[in-house]
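The lines below spell out each chain.
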Amino acid sequence: MMVKAVIFDCDGVLVDSEHQTMSLVLDDMRAHGLDLDPAAGERLFMGSTMPIVFRDARKMGADLPDTWVQDIYERIYADLRHHTPLMDGVPELLDRLDAAGIPYAVGSNGTTEKMMITLGQHPDVWRRLEGRVFSGQELNMPKPDPGLYRHCAMFLNTDPADCAVIEDSVPGAKAARAAGIPCFGLAPAAHPGLEAEGATVFHRMADLPALLGL
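The following refers to the structure shown. (Residues numbered from 1 in each chain as written. Predicted model: local features only at pLDDT ≥ 70, side-chain atom pairs only at ≥ 80, totals over all residues. Heavy atoms only, no water.)

## Considering the pairing of strand β4 (residues 163-167)
On any regular strand, side chains alternate: one points to one face of the sheet, the next to the other face.
Consideration 1: Burial runs high along β4: five of the five residues are buried.
Consideration 2: Here β4 shows two buried faces, one formed by Cys163, Val165 and Glu167 and the other by Ala164 and Ile166.
Consideration 3: Where strand β1 (residues 5-8) lies against β4, four bridges are found, and the strand directions are parallel. When the sheet's bridge partners are listed, Val6 is paired in β4 with Ala164.
Consideration 4: Relative to strand β5 (residues 183-186), β4 runs parallel, the two sharing three bridges. (Buried < 20%, exposed > 50% of the residue type's maximum accessible area, 1.4 Å probe, protein only. Helix = DSSP H or I, 4+ residues; strand = E, 2+ residues; numbered from the N terminus. Pairing = 2+ DSSP bridges.)

## What to know about the sheet that holds strand β3 (residues 133-135)
Consideration 1: Overall, parallel pairing links the six strands, which are arranged β3-β2-β1-β4-β5-β6 in an open sheet. Edge positions in the open sheet fall to β3 and β6 (200-202), since each of these has one partner strand only. Averaged over all adjacent pairs, the angle separating strand axes in this sheet is 25°, with direction ignored.
Consideration 2: Relative to β6, β5 runs parallel, the two being bridged by three bridges. Residue pairing for β6: Phe184 is matched across the bridge by Thr200.
Consideration 3: Against the sheet, helix α5 (residues 90-100) makes contact with β1 and β2 (104-108), and its axis sits at roughly 155° relative to β1, the strand it touches most.
Consideration 4: Along the sheet face, helix α6 (residues 112-119) touches β2 and β3 and points at about 140° away from the line of β3. (Axes fitted to C-alpha atoms, helices over the stretch in contact; angles between N-to-C directions. Contact = heavy atoms within 4.5 Å.)

## Thoughts on the nonpolar core
Consideration 1: Of all hydrophobic cores here, the largest spans 30 residues; its most connected members are Val6, Phe8, Leu119 and Ile166.
Consideration 2: Secondary structure elements with two or more residues in this core: β1, α5, β2, α6, α7 (123-129), β4, β5 and α11 (208-212).
Consideration 3: Per-element accounting of this core gives the leading share, four residues, to α5.
Consideration 4: Non-local contacts of Phe8, meaning those with residues more than four positions away in its chain, are made with Val13, Leu14, Leu93, Leu94, Leu97, Tyr104, Ala105, Val106, Gly107 and Ile166.
Consideration 5: Membership of the second largest hydrophobic core comes to 24 residues, among which are Met50, Ala62, Trp68 and Tyr77. (Core = buried A, V, L, I, M, F, W, Y, C linked by side-chain atoms within 4.5 Å.)

Structure (structure tokens):
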């Protein structure tokens, strides 16, 4: 059965920003006394908001200043403005959805400003997404809170069970599961964390249309 609406995460799904942001955050934490390797950083922080990262890193012993969230966002935004590529296959997937008349939206834990910076570098994609991007952080319902994805489904005027969420993080997959929305997890290889939350894992955006019934 073809889905009736699609809700995308942003970082790591629409734009290839996850790893460069995580590298910057972990370098900064290292300078403040918390040394984590990339695998640990991904496991602990991927998909979280920066206020949550700040809270958890301090609990782990990082000597982060009170202004850390604002400071790290400024550094992240400056870095992303240089160049943030789309994930492979995104324009083609949006073409398929548009041709099938399937509406879509974006639900991210990132800020609206961050999405404007990253997606805005790609005018054709931004033209299709502007006005339909939602920040869980700004709505006070960051993933794994299911409220963000329920909000997106309501915006799309579609029952959650008839939507599909496209995710790459465990918090996002948890949010989709709690919202009653089928989740498809983009990962380069097997991902037990996503699978444990009920996500159907796929490896290339080109594989997704068939999974969505297109």
